[in-house]
Amino acid sequence: MYGIIINIVYLIYINGVIIMNSDIKKFMYADIGVMSLLIWPIILLIYMNKGITLGQVGILSAINAMVGVVMEIPTGIISDRIGHKKTLLFGMCIMFVSVIYLFVVENFYYAILYEILNALGNSFISGSDEALVYDILKAENKEDEYMRIDAKIQTYTSLSKTVTFGLSSIILDMSQNLVIAISSVILFLGIISTVTIKHTGNKTEKKQEKNSIVEDIKIARNNKAFIYLSLLYAIICIFFSDVFYYTSPRLKLQGFELKYIGTILFLGSLASSLGYYILSKKEKVEFKFVNKSIIFVSFLFGVGLILDNFIFTAILYIFCKFLLSIIAPLITAKIQEIVEDDKRATYLSVKSFMIGLMFIITDPIVGILFEKTSFKLIYFLFSVIVLILSTIFIHNINK
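The present account deals with the structure reproduced in this document. Keep in mind the model is a prediction, meaning the values are calculated, not measured.

The rules behind the values
- Residues numbered from 1 in each chain as written.
- Predicted model: local features only at pLDDT ≥ 70, side-chain atom pairs only at ≥ 80, totals over all residues.
- Heavy atoms only, no water.
- Helix = DSSP H or I, 4+ residues; strand = E, 2+ residues; numbered from the N terminus.
- Buried < 20%, exposed > 50% of the residue type's maximum accessible area, 1.4 Å probe, protein only.
- Contact = heavy atoms within 4.5 Å.
- Phe/Tyr/Trp six-rings, centres within 6.5 Å; stacked < 30°, edge-to-face > 60°.
- Lys NZ or Arg CZ within 6 Å of the ring centre and 35° of its normal.
- Salt bridge = Lys/Arg side-chain N within 4 Å of Asp/Glu carboxyl O.

## Looking at the overall build of the chain
When you go through the chain residue by residue, the secondary structure sums to 16 helices and zero strands. Residues classed as buried in the chain amount to 52% of the 399 residues present. At a minimum sequence separation of 6, the contacts of the chain that also span at least 24 residues come to 86%.

Structure follows, in structure tokens:
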């Protein structure tokens, strides 16, 4: 395990050094600073150590989601008005404060403020990060390479998250405060990397700023291709997220030893890195690959109705991690192609808003269904629903 982790760290460093653009490289390190904090995979354990119950965790998750939904679009509009780099930096600073605040969180009520700060920071980051990457590439007339470059960035971010999965529980066993301290340092380095990015990100010219927030949202809403792409992205993210979230308890119920579940999660993260890496090497991938992938996934979950054992569940989890790392960047790149430059972060925030809203609606339903019936049946029915909806959305996108 330690040898694998050391080699992954080496790969992140070496490949990061030779990435094509200096600003892109700096953004990659900033992205790692946000996405690879040691607290992310074990925040539930940190809460439990502080005496917070699982029921209270559910309430905290709902608070986080609601703050995110409310703030997502306004922060996207702010990003387009003042610049994507400034907004990204502001969001990272808020998140840094939230991580530091974890040192003093003692109970459920303290944790509410942490979730609010965390959601607020994420809202400023969401949309601004993707928009900034596109801005940097467009400044060099390389926007056609967005999908490949984004996949390359995600490859290194995913590799760093693999390291996080390998180290977080080990360090938590040593000291909870050490986990928070290391996470703070990682995020601080990410902030420094963001500050050094030369490109500030496009922003709306003053003469265009007369549009109200409502008008900006209407502009995004009237872009039908954007709406269908966002809906497609949302249902795919929700489906795969539920698969990932419930894999651990499903493996446990199927008799898989608890101490080995972390290994499956580790392998899933590696599979995700592999998917991003493969995509980064491709000049172009046809968008119809998305629909074909969903058809294949539905077939696999149909097979899961028969092969209901922990071996198949583990394989399915790893494969889904691999597949999502290819599908998600394809949809994101398609969205980047059709949105307006001066409202890019607004559009991307609308997309995130739709995802957050659908999570709030579907998460309780999925949780109740899992309590009432079997994992294998719900997964299969969910995959069929996603297949039908994705086919409809892709048909409308291609009109």
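## Observations concerning the packing of aromatic side chains
The full count for this structure, using the stated rule, is 15 aromatic pairs. Through pairs of rings, three or more aromatic residues link up here, namely F239, F240, F244, F301, Y317, Y379 and F382. The ring of F244 has K321 lying over it, and the distance from NZ or CZ to the ring centre is 4.7 Å. Over the ring of F287 we find K334, and its NZ or CZ is 5.6 Å from the ring centre.

## Observations concerning unusual backbone geometry
You will see that N141, though not glycine, has its phi angle at about 55 degrees, which is positive. Within the secondary structure, N141 sits in the loop between α7 (128-139) and α8 (146-174).

## What about the pattern of salt bridges?
A complete count under the given rule lists three salt bridges for this structure. Salt-bridge contacts for K351 lead to E130; the nearest nitrogen and oxygen are separated by 3.4 Å. Pair noted here: K351 is in helix α15 (residues 344-372) and E130 is in helix α7, with a separation of 221 residues, a long-range link. By the burial criterion, K351 is buried, and E130 matches it. For E145, the salt bridge goes to R148, with nearest N and O atoms at 2.6 Å. For R148, a relative accessible area of 17% puts it in the buried group.

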